[in-house]
Amino acid sequence: MCDNRARINAAQLPSATRARFALLLTIGVLLAFSSGQTFSALNSPPFAPDSPEQDPVVAGVYVLIISVAVSTLIYMLHPWRQLRSFGSAKCLPENDLLSLRVGCLCSEVGVKMPVLLIDGDISNTDAIAFGWPWRKFLLLGRGLVLLHQTRPREFDARICHEIGHIRNGDIGITFFAHGLIVASICALLSSAFYYIFITAGIFYREWLQWRSDGNAFHAFLLAQIPPFQTISLVFAASVLQSAGWALILIIEHRGFLRARELYADATSANIVGAESMNLALGRGTSESSTALEVFAFHPKLDDRRAVIADPTKLLRPKVIGLLSVGYIVGLVLSAMTILTSVPYLAPPDFEQFVNPSFMRETLNNRPILILFAVYTALGLPMAIVLGSIMFRYGSCLALNTAPALFTLCHAVVGLSVLAIGSFLGFVVNPRIFELLWRGTGGLDGYLPQTRQIATFLFLPGFMLMGAICCAPFLFRLFRGHHIKPPSKAVWLAIGVSFYLFASTSLYGVLLIVLGGPVLKDLPLEISVGSALLILSTFYASIAYLFARRSVSLLPVQFRPVAPWLFSTRR
Amino acid sequence: MQTGDIELLARDFGRQLTTELAPAEAPFFDELVDAHQRPRRSRRDHKLAFGVSAEGGVIAVALYEIGKVALQAIWVAIQPILSGLADDAAKQFRESFGKKLKKWIDSRLSDPPPVSLKPEAFSALMQSVSKIASEQGLDEKQSAQIIEALGKSFRGNV
């Protein structure tokens, strides 16, 4: 079993929550596209009879660009808003005792000293971190001045928690994600109000026509009842869809924030010790209801204490968390099916893909860049999230945080729950409100197809194999003698080479095992499949070399656990 | 004694004992008592904040509350004396008693109190002190320190 007395700093490992931020971006992209489609539909016939047909994808891209611009603006302005979180605040002098202590803790972690601000409320012992990449701020409650005098260990724990947020890179992601949510909800509301505006315009034009024909107002009203009912239904469905998406976005954002708080707690406990952190958390319990918990910025106190006691808990995904992630993945897959209905965005079949003449024609005739950008924008974050889950289970196996059988059983259950969540996300999502006006006739385009159901069924097995396969590489990485943690380039190299190894292995095995009509030549299939397996061995070797962080072929020392895993420095 | 007078004396009482028993809190005494008197409102949850308020009591606030109770007990103890005096004499008595009370407080209770308490009144006062210390979140050691300081001062005159 892993020795938890030597505190592993889980924040040294690539964080799954950054992948979660990527999912938030994906949801934001989907919302922008959804809003763009509404705008384009409202500016096309029959709403605008004299206008040409608008391209929904182009409109979606425009709305996405505006959403990103607005998000960036909100992010850039966030320090002015955060500054007023505790009311009025003033700068703390550099020679103040508090400043000196904070400076000491920052240099211990290897983080640049933030600008310190303090409010005037002696009963406030909270602190908030915020700021830009080039300038960070720490807003302190005046009660921390007293705490520093009377209970310095608790003071250190609270400050190190905030320094942990700075060290772990939480500030930019948190506030940009917040900006994205605000921009997305504004886009949704704008499209809903634009719909009202356009509809009112249509009714007004109709009334003018009726009046010029000499008809009475009450006759006009009676005639408008059927179309008004349809329009109301469409509007209600649009509002419900928007509300559904907004709710999903907010809940996911809060879940992401709670995960970052646990990482900050673990970082602080690594600096000041678990006992000081537990003193700072106190002996109370969280009393919020389950309904409110999903909207809370902070995790339950029991969860925080559990992570402080055993930081490796951050690695093992929670089953309920996997259900949530699975649901989001299902949402993304559901939205991607909408895109396949747009002619030039439909992906080619496998037979077409391997047909050279078809692919040449495709590249000449289709806007391939839009195709690549759209599917990459939607698919890459999802792939990163699923990959991070495989990585986390692989890390648990490599670090031996629990008996291997327990971890594998947990993985089977967790990944199955993820697949169930994906199926639910595909079927039960805000798009369901479209059925309000399409009726059961719209079910064909809504329910999953056979190949999509097959994806959900094979997903747990595929991911479990991925976790087991990456465990040996991670085992090597976690047993080195290096003191400094791997750089981002090393992590990327390991990830890419492992991905190439996994994908070529999979294609090679499928080609050999499935055989059949793919290349229509059995010896050729076996040759290609074998070549792919040899290539996969090459990629595995590259991944292993990156994992041992040495290009030398001489034996490299094994340690029980690498020193960098305990470090608090970046 | 007017409510305002008790308030001022209670603050003095709390301030002096805080300097004696919890010197780190002494510079913040008035701020702490002002914050204690403000209506309590639930703290908003902020993004990237610590999210949990510091637990445990503040001795300064406890001593201020104890001061109010102690002064009230002393005021009750001198009522029989005041009721037997004429208006002018009562006024003079109140003034001189007030000075003795202030002197007693400024001595950080090391001098004898200006009036002795009957055993039942003293016992009721000690019970109130324990209750206030518990309500204000003080630990056993802090409560024992306060009770000992008060007991030492009054016990000489019980």
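Parameters and conventions
- Residues numbered from 1 in each chain as written.
- Chains lettered and ligands numbered in written order.
- Predicted model: local features only at pLDDT ≥ 70, side-chain atom pairs only at ≥ 80, totals over all residues.
- Heavy atoms only, no water.
- Helix = DSSP H or I, 4+ residues; strand = E, 2+ residues; numbered from the N terminus.
- Buried < 20%, exposed > 50% of the residue type's maximum accessible area, 1.4 Å probe, protein only.
- Contact = heavy atoms within 4.5 Å.
- Areas by Shrake-Rupley, 256 points an atom, 1.4 Å probe, with all protein chains shown as cover.
- Lys, Arg positive; Asp, Glu negative; His and termini not counted.
- Charge placed at Lys NZ, Arg CZ, Asp CG, Glu CD.
- pLDDT = per-residue confidence, 0-100.
- Pairing = 2+ DSSP bridges.
- Salt bridge = Lys/Arg side-chain N within 4 Å of Asp/Glu carboxyl O.
- Patch = residues over 30% accessible without salt bridge, like charges linked within 9 Å, V, L, I, M, F, W, Y side chains within 5 Å.
- Polar contact = N/O pair within 3.5 Å; in protein donor to acceptor, adjacent residues only side chain to side chain.
- Axes fitted to C-alpha atoms, helices over the stretch in contact; angles between N-to-C directions.
- Parallel < 35°, antiparallel > 145°, perpendicular 65-115°, else oblique.
- Nonpolar A, V, L, I, M, F, W, Y, C, P; charged D, E, K, R; others polar.
- Phe/Tyr/Trp six-rings, centres within 6.5 Å; stacked < 30°, edge-to-face > 60°.
- Lys NZ or Arg CZ within 6 Å of the ring centre and 35° of its normal.

As for the overall build of chain B
Reasoning step 1: Regarding its fold elements, chain B presents six helices and zero strands.
Reasoning step 2: Starting at the N terminus and walking to the C terminus, you meet the elements of chain B as α-α-α-α-α-α.
Reasoning step 3: Across its three principal axes, chain B shows a C-alpha extent of roughly 65 × 30 × 25 Å.
Reasoning step 4: Burial statistics for chain B: of 158 residues in total, 41% are counted as buried.
Reasoning step 5: Relative to all contacts within chain B whose residues are 6 or more apart in sequence, the contacts with residues 24 or more apart total 73%.
Reasoning step 6: In the structure as shown, chain B presents an accessible area of about 8600 Å², 50% of it carried by carbon and sulfur atoms.
Reasoning step 7: When the 21 basic and 21 acidic side-chain charges of chain B are each reduced to a single mean position, those positions are 2 Å apart.

Thoughts on the overall build of chain A
Reasoning step 1: A count of helices and strands for chain A gives 19 helices and four strands.
Reasoning step 2: Buried residues in chain A amount to 48% of all 570 residues.
Reasoning step 3: Within chain A, residue pairs in contact and separated by at least 24 positions form 77% of the contacts whose partners lie at least 6 positions apart.
Reasoning step 4: Summed over all atoms, the accessible surface of chain A reaches about 27400 Å², with 69% contributed by carbon and sulfur.

Here's the deal with the confidence of the model for chain B
Reasoning step 1: Of the residues in chain B, 96% reach a pLDDT of 70 or more, and the chain-wide mean stands at 86.
Reasoning step 2: Model confidence for chain B, summarised as mean pLDDT per element, is weakest for helix H6 (residues 140-155) of chain B at 84 and strongest for helix H2 (residues 29-37) of chain B at 92.

Quick look at the sheet that holds strand S3 (residues 127-132) of chain A
The strands that make up a sheet are held in pairs by hydrogen bonds between backbone atoms, and each pair lies either parallel or antiparallel.
Residue and element names in this part refer to chain A.
Reasoning step 1: With respect to topology, four strands assemble into an open sheet ordered S1-S2-S4-S3, the strand pairing being mixed. Edge positions in the sheet fall to strand S1 (90-91) and S3, since each of these pairs with one other strand and no more.
Reasoning step 2: Note: S3 against strand S4 (residues 135-140), six bridges, orientation antiparallel. Each bridged residue has a counterpart across the sheet, and for Gly131 the counterpart in S4 is Lys136.

Brief notes about the pattern of salt bridges
All names here are of chain B.
Reasoning step 1: Within this structure, the stated rule accounts for 20 salt bridges over all chains.
Reasoning step 2: One salt bridge connects Glu20 with Arg108, and the closest N-O pair in it is separated by 3.6 Å. On the criterion of sequence distance, the pair formed by Glu20 in helix H1 (residues 3-21) and Arg108 in the loop between helix H4 (87-106) and helix H5 (119-135) is long-range, its members being 88 residues apart.
Reasoning step 3: A relative accessible area of 47% means that Glu20 is categorised as partly exposed.

A word on a nonpolar patch on the surface
Residues and elements named next belong to chain A.
Reasoning step 1: Together, Val58, Val61, Tyr62 and Ile65 make up a nonpolar patch on the protein surface, roughly 360 Å² of accessible area in all.
Reasoning step 2: One can find Val58 in helix H2 (residues 56-82).
Reasoning step 3: A relative accessible area of 34% means that Val58 is categorised as partly exposed.

What to know about the side chain of Ser503 of chain A
Residue and element names in this part refer to chain A.
Reasoning step 1: Mapped onto the elements, Ser503 comes out in helix H18 (residues 488-514).
Reasoning step 2: Among the residues examined, Ser503 registers a relative accessible area of 14% and is labelled buried.
Reasoning step 3: Polar contacts involving the side chain of Ser503 include one to the main-chain carbonyl oxygen of Leu500, which spans 3.3 Å.

With respect to the pairing of strand S2 (residues 115-118) of chain A
Side chains on a regular strand alternate between the two faces of the sheet.
All names here are of chain A.
Reasoning step 1: Pairing between S1 and S2: two bridges, direction antiparallel. In the strand pairing of S2, Cys91 is matched with Leu117.
Reasoning step 2: As defined by bridge partners, S2 adjoins S4 across four bridges and the pair is classed as parallel. The residue bridging Ile118 from the neighbouring strand is Leu140, located in S4.

Quick notes on the packing of H2 of chain B against helix H3 (residues 59-83) of chain B
Residue and element names in this part refer to chain B.
Reasoning step 1: Interaxial distance between H2 and H3 falls to 9 Å at its minimum, and their mutual angle equals 70 degrees. In terms of their interaxial angle, H2 and H3 are classed as roughly perpendicular. On H3, the residues touching Phe29, Leu32, Val33, His36 and Gln37 of H2 are Ala60, Val61, Tyr64 and Glu65.
Reasoning step 2: Taken together, the residues of the contact of H2 with H3 break down into six nonpolar, two polar and one charged.

Focus: the environment of Leu189 of chain A
Reasoning step 1: Structurally, Leu189 of chain A can be placed in helix H6 (residues 170-212).
Reasoning step 2: Placed 49 residues apart in sequence, Leu189 of chain A and Ser238 of chain A show a C-alpha to C-alpha distance of 9.9 Å.

Quick word on the packing of aromatic side chains
Reasoning step 1: Counted according to the given criterion, the structure contains 17 aromatic pairs over all chains.
Reasoning step 2: Ring geometry for Phe498 of chain A and Phe501 of chain A: centres 5.7 Å apart, planes at 55 degrees, overall tilted. In this pair, Phe498 of chain A and Phe501 of chain A both sit in helix H18, three residues apart, roughly one turn of the helix.
Reasoning step 3: We classify Phe498 of chain A as buried; its relative accessible area is 14%.
Reasoning step 4: The interplanar angle of 20 degrees and the centroid separation of 5.8 Å between the aromatic rings of Phe93 of chain B and Phe97 of chain B together place this pair among those described as stacked. Here Phe93 of chain B and its partner Phe97 of chain B are both found in helix H4, four residues apart, which amounts to about one turn of the helix.
Reasoning step 5: Relative accessible area serves as the criterion here: at 22%, Phe93 of chain B is assigned to the partly exposed category.
Reasoning step 6: Taking the relative accessible area as the measure of exposure, Phe97 of chain B reaches 6% and is therefore buried.
Reasoning step 7: Through a chain of ring-to-ring contacts, three or more aromatic side chains come together here, namely Trp80, Phe130, Trp132, Trp134 and Phe137 of chain A.
Reasoning step 8: Sitting over the ring of Phe50 of chain B, Arg304 of chain A keeps its end group 5.1 Å from the ring centre.

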